[in-house]
Amino acid sequence: MMSRRSRHPRHTTQTIFGAADLDTLPATNAETETARIWVEQGSKIALRVSFDRHAVPADGSIKVTVTDAQGHSVVEALCGGDHVTAEATAAATGEHHIRVAGRQLPEHGAAFSIDVTYLAPQIV
């Protein structure tokens with residue numbers, strides 16, 4: 001007799017690092033897509049963003065935006081200091097895009113990290 005195990009959905013946290021010596025490049029003054037995640041509808045998406053302020057002017061910042069598959073903004077975090085957090089609820093199940101854009105960053109960009117916590121779909 002086969003026993004059934006009930007699965008309990010769990011939120012997961014992915015950390016995305018951007019730097020000159022990594023596959024994901026540092027933040028620049030142009031918007032770039034850095035990652036994609038699959039999110040369950042109704043799931044909380046939480047961001048914790050930080051970046052290396054070395055050689056960044058006082059008014060320099062990075063903006064991280066998570067959009068749904070149709071390009072609608074779901075959550076946005078503007079980091080002008082050491083770190084910032086933001087969260088929102090996903091309106092739809094599916095692919096979401098994480099984009100990073102800098103403002104007043106040096107030409108070589110700025111290293112960053114993004115912790116994104118979400119609930120992935122339970123059925124693929």
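1. Examining the sheet that holds strand β4 (residues 61-67)
Strand order in the open sheet made by the four strands is β2-β7-β4-β5, with antiparallel pairing throughout. The open sheet is flanked by β2 (32-39) and β5 (73-79), the only strands paired with a single partner. Between one strand and the next, the sheet's axes are offset by a mean angle of 20°, whatever the strand orientation. Where β4 and β5 come together, six bridges link them in antiparallel fashion. Counted as the bridge partner of valine 64 is alanine 77 from β5.

2. Quick word on the nonpolar core
In terms of nonpolar packing, the biggest core is built from 28 residues, with Ile45, Leu47, Ile98 and Ile114 touching the most fellow members. Where this core is concerned, the elements lending two or more residues are β2, β3 (44-51), β4, β5, β6 (83-89), β7 (94-103) and β8 (112-118). With sequence-adjacent residues up to four places away left out, isoleucine 45 is seen in contact with Val39, Val66, Val74, Val75, Ala86, Glu87, Ala88, Ala90, His96, Val116, Thr117 and Tyr118.

3. Describing the pattern of salt bridges
Per the counting criterion, the structure on display carries four salt bridges. With a shortest N-O distance of 3.3 Å, glutamate 95 and arginine 36 are connected by a salt bridge. With a gap of 59 residues between them, glutamate 95 in strand β7 and arginine 36 in strand β2 connect regions that are remote in the sequence. Owing to a relative accessible area of 52%, arginine 36 belongs among the exposed residues under this scheme. The partner of lysine 44 in a salt bridge is glutamate 87, and the shortest N-O contact between them spans 3.7 Å. Residue lysine 44 is located in strand β3, and its partner glutamate 87 is located in strand β6; the two are separated by 43 residues in the primary sequence. Residue class for glutamate 87 comes out exposed when judged on its relative accessible area of 52%.

Calculation rules
Residues numbered from 1 in each chain as written. Predicted model: local features only at pLDDT ≥ 70, side-chain atom pairs only at ≥ 80, totals over all residues. Heavy atoms only, no water. Pairing = 2+ DSSP bridges. Helix = DSSP H or I, 4+ residues; strand = E, 2+ residues; numbered from the N terminus. Axes fitted to C-alpha atoms, helices over the stretch in contact; angles between N-to-C directions. Core = buried A, V, L, I, M, F, W, Y, C linked by side-chain atoms within 4.5 Å. Buried < 20%, exposed > 50% of the residue type's maximum accessible area, 1.4 Å probe, protein only. Contact = heavy atoms within 4.5 Å. Salt bridge = Lys/Arg side-chain N within 4 Å of Asp/Glu carboxyl O.

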